[in-house]
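Per-entry structural report
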Amino acid sequence: QVQLVESGGGLVQAGDSLRLSCAASGRTFSSYAMAWFRQAPGKEREFVAAITWSGHTFYADSVKGRFTISRDNAKHTVYLQMSSLKSEDTAVYFCAARLSGEIATISEAYGYWGQGTQVTVSS
């Protein structure tokens, strides 16, 4: 019922900033809770941040204070602003959505996923 397409990934240096975007299309985007997950090589998919339709947010401890999730419901887009990037942030970042007003931190709770965008942090 919803399609998600991530963009904005790339190669940056440690300490740099980067903003990821997730463009959504389909049924009632504003009613979905949205989240970002990431997966590094050889590791399991990891929760990063989530946001409800009304703008309430929740972050993993590993990114708290460095990353900011936001959404523009008029543009049907969710963002992940990343700052103070470090090498351990290197991963494929996935956008996910669930038809609920509640935030979830496990991937199984999300029924809609984008294809991912690669973020690589050097040095």
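Before going into details, it helps to say that this report is about the structure given with it.

1. Brief notes about the overall build of the protein
- When you go through the protein residue by residue, the secondary structure sums to zero helices and 11 strands.
- Helices (α) and strands (β) of the protein occur, in sequence order from the N terminus, as β-β-β-β-β-β-β-β-β-β-β.
- Taken against the 2.2 N^0.38 rule, which gives 14 Å for 123 residues, the C-alpha radius of gyration of the protein at 13 Å falls within 12% of a compact globule.
- Expressed along its principal axes, the backbone C-alpha trace of the protein runs to roughly 40 × 25 × 25 Å.
- When each of the 123 residues of the protein is scored for burial, the buried share is 42%.
- Total accessible area computed for the protein in this model is approximately 6,100 Å², and 48% of it derives from carbon and sulfur atoms.
- The averaged location of the 10 negative side-chain charges in the protein is 5 Å from the averaged location of its 11 positive side-chain charges.

2. What to know about the pairing of strand S3 (residues 18-26)
- Where strand S1 (residues 2-7) meets S3, six bridges bridge the pair, whose relative direction is antiparallel. Residue Leu4 lies in a different strand from S3, and its bridge partner there is Ala24.
- Note that S3 and strand S8 (residues 77-82) share six bridges and pair antiparallel. For Leu18, the partnering residue across the bridge sits in S8 and is Met82.

3. Comments concerning the packing of aromatic side chains
- Scanning the entire structure with this criterion turns up seven aromatic pairs.
- On the basis of an interplanar angle of 80° and a centroid distance of 5.8 Å, the ring pair of Tyr32 and Tyr112 is categorised as edge-to-face. With a gap of 80 residues between them, Tyr32 in the loop between S3 and strand S4 (33-39) and Tyr112 in strand S10 (residues 112-113) connect regions that are remote in the sequence.
- Since its relative accessible area comes to 0%, Tyr32 is described here as buried.
- Tyr112 sits in the partly exposed class, given a relative accessible area of 22%.
- Taking the centre distance of 5.1 Å and the plane angle of 55° together, the rings of Phe37 and Trp113 count as tilted. Placement of the pair is Phe37 in strand S4 and Trp113 in strand S10, with a sequence separation of 76 residues.
- The class for Trp113 is partly exposed, based on a relative accessible area of 25%.
- Among the aromatic residues, ring-to-ring pairing joins Phe37, Phe47, Phe58, Phe94, Tyr110 and Trp113 into one connected group.
- Over the ring of Trp113 we find Arg45, and its NZ or CZ is 4.7 Å from the ring centre.

So, how was this worked out
- Here the residue index of a chain counts from 1 through its sequence in written order.
- Local features in a predicted model are, by the rule used here, given only for residues with pLDDT of at least 70; side-chain atom pairs are given and counted only at 80 or more, and totals for whole chains, interfaces and linings are based on all residues.
- To get the side-chain values, take all heavy atoms of the structure and skip hydrogens and water.
- Starting at the N terminus, helices and strands are each numbered in turn, a helix being any DSSP run of H or I of at least four residues and a strand any DSSP run of E of at least two.
- Note on method: radius of gyration uses C-alpha positions; expected globular size equals 2.2 Å times residues raised to 0.38.
- Accessible area is worked out with a 1.4 Å probe on protein chains only. A residue is then buried under 20% of its type maximum, exposed over 50%, and partly exposed in between.
- Note on areas: Shrake-Rupley with a 1.4 Å probe; residue coverage comes only from the protein chains shown.
- We count Lys and Arg on the positive side and Asp and Glu on the negative side, and we leave His and both chain ends out.
- For charged residues, the charge sits on one atom: NZ in Lys, CZ in Arg, CG in Asp, CD in Glu.
- Pairs of strands are assigned from DSSP output, requiring at least two bridges between the strands.
- Paired rings are identified among Phe, Tyr and Trp, the last through its six-membered ring, by centres lying within 6.5 Å, and are further divided according to the angle between planes into stacked (under 30 degrees), edge-to-face (over 60) and tilted (the rest).
- Note on geometry: a ring has a charge over it if NZ (lysine) or CZ (arginine) is within 6 Å of the ring centre and within 35 degrees of the ring normal.

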